Amino acid sequence: MNYENAELRRHEEDLRVSGSGVLVMGAWQVVKLFMQVFLVSPESFRLEADSTEEKIFYYTIFIGMLLIGALVIMATHAYIGLNAMHAARRKPYKKGYFAFTVFALVVNVLSLASYVNFFTNPESMDTTIASILVDLTVIYIYFTVVNASIRIKKLRAAEQEE
(Lines give C-alpha, C1' and ligand atoms only; values in the text may rest on other atoms or scores of the structure.)
Protein backbone atom coordinates (compact mmCIF):
# COMPACT_ATOMS: atom_id res chain seq x y z
CA MET A 1 0.00 0.00 0.00
CA ASN A 2 1.25 3.45 -0.88
CA TYR A 3 1.25 5.44 2.36
CA GLU A 4 1.72 8.76 0.60
CA ASN A 5 -1.50 8.21 -1.35
CA ALA A 6 -3.30 7.28 1.85
CA GLU A 7 -2.06 10.47 3.48
CA LEU A 8 -3.11 12.49 0.45
CA ARG A 9 -6.59 10.93 0.49
CA ARG A 10 -6.90 11.66 4.22
CA HIS A 11 -6.04 15.33 3.73
CA GLU A 12 -8.37 15.56 0.73
CA GLU A 13 -11.17 14.18 2.87
CA ASP A 14 -10.31 16.65 5.65
CA LEU A 15 -10.47 19.48 3.12
CA ARG A 16 -13.78 18.28 1.70
CA VAL A 17 -15.40 17.93 5.12
CA SER A 18 -14.00 21.26 6.30
CA GLY A 19 -15.28 22.93 3.12
CA SER A 20 -18.78 21.71 3.89
CA GLY A 21 -18.28 22.86 7.48
CA VAL A 22 -17.49 26.35 6.21
CA LEU A 23 -20.80 26.32 4.30
CA VAL A 24 -22.74 25.23 7.39
CA MET A 25 -21.04 27.84 9.56
CA GLY A 26 -21.80 30.49 6.94
CA ALA A 27 -25.49 29.64 7.18
CA TRP A 28 -25.20 29.78 10.98
CA GLN A 29 -23.51 33.22 10.80
CA VAL A 30 -26.44 34.52 8.73
CA VAL A 31 -28.96 33.11 11.22
CA LYS A 32 -26.92 34.57 14.09
CA LEU A 33 -26.89 37.98 12.39
CA PHE A 34 -30.68 38.02 12.14
CA MET A 35 -31.06 36.77 15.71
CA GLN A 36 -28.75 39.47 17.04
CA VAL A 37 -30.57 42.19 15.17
CA PHE A 38 -34.15 41.12 15.81
CA LEU A 39 -33.96 39.33 19.16
CA VAL A 40 -31.06 40.79 21.10
CA SER A 41 -31.39 44.46 20.20
CA PRO A 42 -35.03 45.25 19.38
CA GLU A 43 -34.56 48.72 20.87
CA SER A 44 -32.54 49.59 17.79
CA PHE A 45 -35.78 49.57 15.81
CA ARG A 46 -37.30 52.54 17.57
CA LEU A 47 -37.23 55.40 15.12
CA GLU A 48 -37.94 59.03 15.76
CA ALA A 49 -39.33 59.94 12.37
CA ASP A 50 -41.76 62.68 11.41
CA SER A 51 -44.00 60.62 9.17
CA THR A 52 -44.97 57.06 8.42
CA GLU A 53 -43.39 57.32 4.98
CA GLU A 54 -40.11 58.32 6.58
CA LYS A 55 -40.22 55.34 8.94
CA ILE A 56 -40.96 52.99 6.06
CA PHE A 57 -38.04 54.47 4.12
CA TYR A 58 -35.61 54.03 7.04
CA TYR A 59 -36.81 50.49 7.77
CA THR A 60 -36.45 49.58 4.10
CA ILE A 61 -32.88 50.91 4.05
CA PHE A 62 -32.10 49.04 7.27
CA ILE A 63 -33.53 45.72 6.04
CA GLY A 64 -31.75 46.18 2.69
CA MET A 65 -28.41 46.72 4.41
CA LEU A 66 -29.05 43.72 6.63
CA LEU A 67 -29.80 41.54 3.60
CA ILE A 68 -26.68 42.78 1.80
CA GLY A 69 -24.61 41.94 4.88
CA ALA A 70 -26.15 38.45 5.03
CA LEU A 71 -25.47 37.97 1.32
CA VAL A 72 -21.82 39.00 1.72
CA ILE A 73 -21.38 36.62 4.66
CA MET A 74 -22.93 33.71 2.81
CA ALA A 75 -21.13 34.46 -0.46
CA THR A 76 -17.76 34.54 1.31
CA HIS A 77 -18.42 31.25 3.08
CA ALA A 78 -19.73 29.68 -0.12
CA TYR A 79 -16.63 30.83 -2.03
CA ILE A 80 -14.31 29.31 0.56
CA GLY A 81 -16.33 26.14 1.15
CA LEU A 82 -17.16 25.25 -2.44
CA ASN A 83 -13.64 25.91 -3.71
CA ALA A 84 -12.15 23.86 -0.87
CA MET A 85 -14.47 21.00 -1.74
CA HIS A 86 -13.55 21.28 -5.42
CA ALA A 87 -9.84 21.33 -4.57
CA ALA A 88 -10.29 18.20 -2.48
CA ARG A 89 -11.98 16.39 -5.36
CA ARG A 90 -9.36 17.54 -7.88
CA LYS A 91 -11.93 19.60 -9.76
CA PRO A 92 -11.15 23.08 -11.12
CA TYR A 93 -11.20 25.66 -8.34
CA LYS A 94 -10.23 29.25 -7.68
CA LYS A 95 -6.99 29.49 -5.74
CA GLY A 96 -8.09 32.69 -3.99
CA TYR A 97 -10.13 30.67 -1.51
CA PHE A 98 -6.91 30.01 0.40
CA ALA A 99 -6.22 33.75 0.91
CA PHE A 100 -9.83 34.34 1.98
CA THR A 101 -9.56 31.46 4.44
CA VAL A 102 -6.35 32.79 5.97
CA PHE A 103 -7.92 36.26 6.28
CA ALA A 104 -11.07 34.81 7.89
CA LEU A 105 -8.95 32.73 10.25
CA VAL A 106 -6.96 35.76 11.40
CA VAL A 107 -10.10 37.88 11.85
CA ASN A 108 -11.81 35.15 13.87
CA VAL A 109 -8.79 34.63 16.09
CA LEU A 110 -8.52 38.36 16.73
CA SER A 111 -12.25 38.62 17.43
CA LEU A 112 -11.86 36.29 20.42
CA ALA A 113 -10.46 39.28 22.29
CA SER A 114 -13.92 40.87 22.20
CA TYR A 115 -15.19 38.28 24.70
CA VAL A 116 -13.10 39.72 27.54
CA ASN A 117 -15.78 42.29 28.44
CA PHE A 118 -18.61 39.73 28.42
CA PHE A 119 -17.27 37.85 31.43
CA THR A 120 -18.13 40.76 33.71
CA ASN A 121 -21.86 40.08 33.34
CA PRO A 122 -22.79 36.79 35.08
CA GLU A 123 -26.32 36.74 33.57
CA SER A 124 -24.96 36.24 30.05
CA MET A 125 -22.21 33.79 30.97
CA ASP A 126 -23.92 30.76 29.37
CA THR A 127 -24.53 32.47 26.03
CA THR A 128 -21.00 33.88 26.06
CA ILE A 129 -19.52 30.44 26.57
CA ALA A 130 -21.71 29.03 23.79
CA SER A 131 -20.58 31.82 21.45
CA ILE A 132 -16.95 31.18 22.28
CA LEU A 133 -17.36 27.47 21.55
CA VAL A 134 -18.97 28.22 18.17
CA ASP A 135 -16.20 30.69 17.33
CA LEU A 136 -13.54 28.15 18.33
CA THR A 137 -15.25 25.62 16.06
CA VAL A 138 -15.14 28.09 13.16
CA ILE A 139 -11.45 28.75 13.85
CA TYR A 140 -10.77 25.00 13.88
CA ILE A 141 -12.58 24.56 10.55
CA TYR A 142 -10.65 27.41 8.93
CA PHE A 143 -7.38 26.07 10.34
CA THR A 144 -8.17 22.62 8.93
CA VAL A 145 -8.88 24.13 5.49
CA VAL A 146 -5.54 25.96 5.55
CA ASN A 147 -3.57 22.99 6.89
CA ALA A 148 -5.12 20.45 4.52
CA SER A 149 -4.65 22.77 1.52
CA ILE A 150 -0.95 23.19 2.27
CA ARG A 151 -0.38 19.48 2.83
CA ILE A 152 -2.33 18.49 -0.30
CA LYS A 153 -0.32 20.90 -2.41
CA LYS A 154 2.96 19.43 -1.09
CA LEU A 155 1.83 15.83 -1.52
CA ARG A 156 0.51 16.39 -5.03
CA ALA A 157 3.77 18.09 -6.01
CA ALA A 158 5.74 15.14 -4.63
CA GLU A 159 3.40 12.74 -6.44
CA GLN A 160 4.02 14.48 -9.78
CA GLU A 161 7.79 14.37 -9.29
CA GLU A 162 7.70 10.58 -9.14
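Everything numeric in this text was worked out from a predicted model, so none of it was measured.

**A word on the overall build of the chain**
- Within the chain, the secondary structure is distributed over four helices and zero strands.
- Written out in order from the N terminus, the α and β elements of the chain read α-α-α-α.
- In terms of C-alpha radius of gyration, the chain reaches 21 Å, well past the compact-globule figure of 15 Å for 162 residues.
- On the principal axes, the C-alpha backbone points of the chain span a range of 75 × 40 × 20 Å.
- Sequence-distant contacts in the chain: of pairs separated by 6 or more residues, those separated by 24 or more amount to 75%.
- Entry remark: accessible area of the chain is about 10800 Å², with carbon and sulfur atoms responsible for 67%.

**Description of the pattern of salt bridges**
- In the structure shown here, the tally under the stated rule is five salt bridges.
- Across the pair Asp 135 and Lys 32 runs a salt bridge, and its minimum N-O distance is 4.0 Å. Note that Asp 135 is positioned in helix H4 (residues 125-161) and Lys 32 in helix H1 (residues 3-40), a separation of 103 residues in sequence.
- Across the pair Glu 159 and Arg 90 runs a salt bridge, and its minimum N-O distance is 3.6 Å. Of this pair, Glu 159 sits in helix H4 while Arg 90 sits in the loop between helix H2 (52-88) and helix H3 (96-111); the two residues are 69 residues apart in sequence, bridging distant segments of the chain.
- Each of Glu 12, Arg 90, Arg 156 and Glu 159 takes part in one network of salt bridges that share partners.

**Focus: the packing of H3 against H4**
- Axis separation between H3 and H4 bottoms out at 9 Å; the angle between their running directions is 145°. When you trace H3 past H4, the crossing you get is left-handed. In this structure, H3 uses Tyr 97, Phe 98, Thr 101, Val 102, Ala 104, Leu 105, Asn 108 and Val 109 to contact H4, whose residues at the interface are Val 138, Ile 139, Tyr 142, Phe 143, Val 145, Val 146, Ser 149 and Ile 150.
- Across the contact of H3 with H4, the residue classes break down as 13 nonpolar, three polar and no charged.

**Remarks on the nonpolar core**
- Residues Leu 15, Val 22, Ala 84, Tyr 97, Leu 105, Tyr 142 and Val 145 are the most contacted members of the largest nonpolar core, which totals 20 residues.
- Of all the secondary-structure elements, those providing two or more residues to this core are H1, H2, H3 and H4.
- In terms of residues, this core owes the most to one element, H4, which gives nine residues.
- In this view, Tyr 97 contacts Leu 15, Tyr 79, Ile 80, Asn 83, Ala 84, Ala 87, Val 145 and Ser 149; residues no more than four positions away in its chain are not counted.

**A word on a nonpolar patch on the surface**
- A surface patch of nonpolar side chains, about 620 Å² in accessible area, is lined by Trp 28, Val 31, Met 35, Phe 38, Leu 39, Ile 63 and Leu 67.
- Among the secondary structure elements, those contributing two or more residues to the nonpolar patch are H1 and H2.
- Sorting elements by how many residues they give to the nonpolar patch places H1 first, with five residues.
- If you trace the backbone, Leu 67 turns up in helix H2.
- Since its relative accessible area comes to 48%, Leu 67 is described here as partly exposed.

**Regarding the packing of aromatic side chains**
- Applying the stated criterion across every chain yields a total of three aromatic pairs.
- Aromatic pair Tyr 79 and Phe 100: ring centres 5.2 Å apart, planes at 75°, arrangement edge-to-face. With a gap of 21 residues between them, Tyr 79 in helix H2 and Phe 100 in helix H3 connect regions that are remote in the sequence.
- When the ring of Tyr 93 is compared with that of Tyr 97, the centres are 5.8 Å apart and the planes differ by 75°; the resulting orientation is edge-to-face.
- Under the relative-accessibility criterion, Tyr 93 is labelled partly exposed at 31%.
- Taking NZ or CZ as reference, Lys 95 lies 5.1 Å from the ring centre of Tyr 93, over its face.

Conventions we followed
Residues numbered from 1 in each chain as written. Predicted model: local features only at pLDDT ≥ 70, side-chain atom pairs only at ≥ 80, totals over all residues. Heavy atoms only, no water. Helix = DSSP H or I, 4+ residues; strand = E, 2+ residues; numbered from the N terminus. Rg over C-alpha atoms; globule rule 2.2 N^0.38 Å. Contact = heavy atoms within 4.5 Å. Areas by Shrake-Rupley, 256 points an atom, 1.4 Å probe, with all protein chains shown as cover. Salt bridge = Lys/Arg side-chain N within 4 Å of Asp/Glu carboxyl O. Axes fitted to C-alpha atoms, helices over the stretch in contact; angles between N-to-C directions. Left-handed = near helix turned anticlockwise from the far one by under 90°. Nonpolar A, V, L, I, M, F, W, Y, C, P; charged D, E, K, R; others polar. Core = buried A, V, L, I, M, F, W, Y, C linked by side-chain atoms within 4.5 Å. Buried < 20%, exposed > 50% of the residue type's maximum accessible area, 1.4 Å probe, protein only. Patch = residues over 30% accessible without salt bridge, like charges linked within 9 Å, V, L, I, M, F, W, Y side chains within 5 Å. Phe/Tyr/Trp six-rings, centres within 6.5 Å; stacked < 30°, edge-to-face > 60°. Lys NZ or Arg CZ within 6 Å of the ring centre and 35° of its normal.

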